[in-house]
Amino acid sequence: MKTIQIKVFGRVQGVGFRYFTAQHAKDNNITGTVQNVDDYVEIYATGENSNLDTFTDKVIRGASPMSRVQSYEINDIPVKQFKQFKTI
């Protein structure tokens with residue numbers, strides 16, 4: 001079990017990206033949060049390594065139809081416990 005922070009830059013606000021992210025988190029047994037911050041979207045995700053890999057790949061490469069991911073940062077952080085995945 002681990003937690004990662006993902007910052008996603010590009011056309012990711014106002015285009016359904018947070019909804020898309022939340023759906024894929026639920027599909028992959030990921031808990032955490034997704035929220036708009038300034039000019040990027042910030043995701044905190046906790047789960048098993050293989051589930052996090054699948055989730056991250058889908059969010060970054062298979063982004064929602066209207067979004068355009070230009071760049072992203074992924075950082076391992078101390079494990080955070082979340083009850084579910086929430087859009088903030």
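What counts and how
Residues numbered from 1 in each chain as written. Predicted model: local features only at pLDDT ≥ 70, side-chain atom pairs only at ≥ 80, totals over all residues. Heavy atoms only, no water. UniProt positions renumbered as here; feature names shortened; annotations may be inferred. Helix = DSSP H or I, 4+ residues; strand = E, 2+ residues; numbered from the N terminus. Buried < 20%, exposed > 50% of the residue type's maximum accessible area, 1.4 Å probe, protein only. Contact = heavy atoms within 4.5 Å.

The name recorded for the protein in an unreviewed UniProt entry is acylphosphatase, from Macrococcoides goetzii. UniProt, in the comment section headed Catalytic activity (unreviewed entry), describes the protein in these words: "an acyl phosphate + H2O = a carboxylate + phosphate + H(+)". According to UniProt, the comment filed for the protein under the heading Sequence similarities (unreviewed entry) is "Belongs to the acylphosphatase family."

Engineer: Account for the UniProt feature "active site" (unreviewed entry) in the protein, naming residues and giving values.
Structural biologist: Residues given the UniProt feature "active site" (unreviewed entry) here are Arg-18 and Asn-36. For the residues just named, distributed over 19 residues, the greatest C-alpha separation is only 8.1 Å, placing them together at one site. For Arg-18, the location among the structural elements is in helix 1 (residues 17–27). Look at Arg-18 and you get partly exposed, because its relative accessible area is 27%. Sequence-distant contacts of Arg-18, that is, excluding residues within four places in its chain, are made with Val-34, Gln-35, Asn-36, Val-41, Thr-87 and Ile-88. Looking at the secondary structure, you find Asn-36 in strand 2 (residues 31–37). With a relative accessible area of 31%, Asn-36 lands in the partly exposed category. What Asn-36 contacts, discounting residues up to four positions off in sequence, is Val-12, Gln-13, Arg-18, Val-41 and Ile-88.

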